[in-house]
Amino acid sequence: METTWADELRRAGLRVTRPRLAVLDVLAGHPHVDADTIATAARAAHPSISPQAVYGVLKALVGSGLARRIEPAGGPARYELRVGDNHHHLVCRGCGLVADVDCVVGRAPCLTPSDAALSDAAGFAVDEAEVVFWGLCAGCQAARRTHVHGTNSAMGEGVNA
């Protein structure tokens, strides 16, 4: 038997509502998306959904553990449905693309703070580590190579670009 979003919402202790179903549908098709994009996509399916309702749904989904909020530095918060597996993210400095990367160092939290940090934290029990890898995606690398080596480059002509 296939589990539906309605089943997932009930299992998480949340009421099944059209806004929640619409947001879950958007997240299922578009991981790592910001709230404004979610609101626009959800309104395409259900025009009466307000941006405020989308923000409320996202807060409820994150609070119940059905969704995860990530906050790459310098950009808007993004949301995804991949939860509970302690994965990390790659973020492109050029276009902002976010991609999942599995934790490669054992099980959660896969990283631990130094002993000094643990004692300073008064016995803090670490259960998750969040790592963000920054770089350039393949598309941005190709665009940069084209710009630097292509006809648009002023570098070889002694002009400051």
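As shown above, the structure is provided for reference.
Given the structure is predicted, the values throughout are model-derived calculations rather than measurements.

## Focus: the pattern of salt bridges
Taken as a whole, this structure holds seven salt bridges when the rule is applied. Between glutamate 80 and arginine 68 there is a salt bridge; the shortest N-O distance is 3.7 Å. Within this pair, whereas glutamate 80 is found in strand β3 (residues 78-80), its partner arginine 68 is found in strand β2 (residues 68-70), the two being separated by 12 residues in sequence. Pair check on accessibility: glutamate 80 and arginine 68 agree, each one buried. Across the pair aspartate 102 and arginine 82 runs a salt bridge, and its minimum N-O distance is 2.2 Å. You can see aspartate 102 sitting in the loop between β5 (98-101) and α5 (115-120) and its partner arginine 82 sitting in the loop between β3 and β4 (88-92), a full 20 residues away along the chain. Judged by its relative accessible area of 47%, aspartate 102 falls in the partly exposed class. With relative accessibility at 29%, the residue arginine 82 sits in the partly exposed group. Salt bridges sharing partners connect three or more residues here, namely Arg82, Asp85, Asp100 and Asp102.

## Focus on the packing of helix α2 (residues 18-29) against helix α4 (residues 51-64)
The angle between the axes and the distance between the axes are what describe a pair of packed helices. Between α2 and α4, the least distance of the axes is 9 Å, while the angle of their chain directions is 75°. If you check the angle between α2 and α4, you find them roughly perpendicular. Contact with α2, carried on its side by Pro19, Arg20, Val23, Leu24 and Leu27, involves Val54, Val57, Leu58, Ala60 and Leu61 of α4 and no other residues of that element. Taken together, the residues of the contact of α2 with α4 sort by class into nine nonpolar, no polar and one charged.

## Description of the packing of α2 against helix α3 (residues 35-45)
With their axes 9 Å apart at the nearest point, α2 and α3 run at an angle of 115° to one another. Relative to α3, the element α2 is oriented roughly perpendicular. Along this stretch, α2 crosses α3, giving a crossing that reads as right-handed. Where α2 approaches α3, its residues Ala22, Val23, Val26 and Leu27 are matched on the opposing element by Ile38, Ala41 and Ala42.

Thresholds, definitions, all that
- Residues numbered from 1 in each chain as written.
- Predicted model: local features only at pLDDT ≥ 70, side-chain atom pairs only at ≥ 80, totals over all residues.
- Heavy atoms only, no water.
- Salt bridge = Lys/Arg side-chain N within 4 Å of Asp/Glu carboxyl O.
- Helix = DSSP H or I, 4+ residues; strand = E, 2+ residues; numbered from the N terminus.
- Buried < 20%, exposed > 50% of the residue type's maximum accessible area, 1.4 Å probe, protein only.
- Axes fitted to C-alpha atoms, helices over the stretch in contact; angles between N-to-C directions.
- Parallel < 35°, antiparallel > 145°, perpendicular 65-115°, else oblique.
- Contact = heavy atoms within 4.5 Å.
- Nonpolar A, V, L, I, M, F, W, Y, C, P; charged D, E, K, R; others polar.
- Left-handed = near helix turned anticlockwise from the far one by under 90°.

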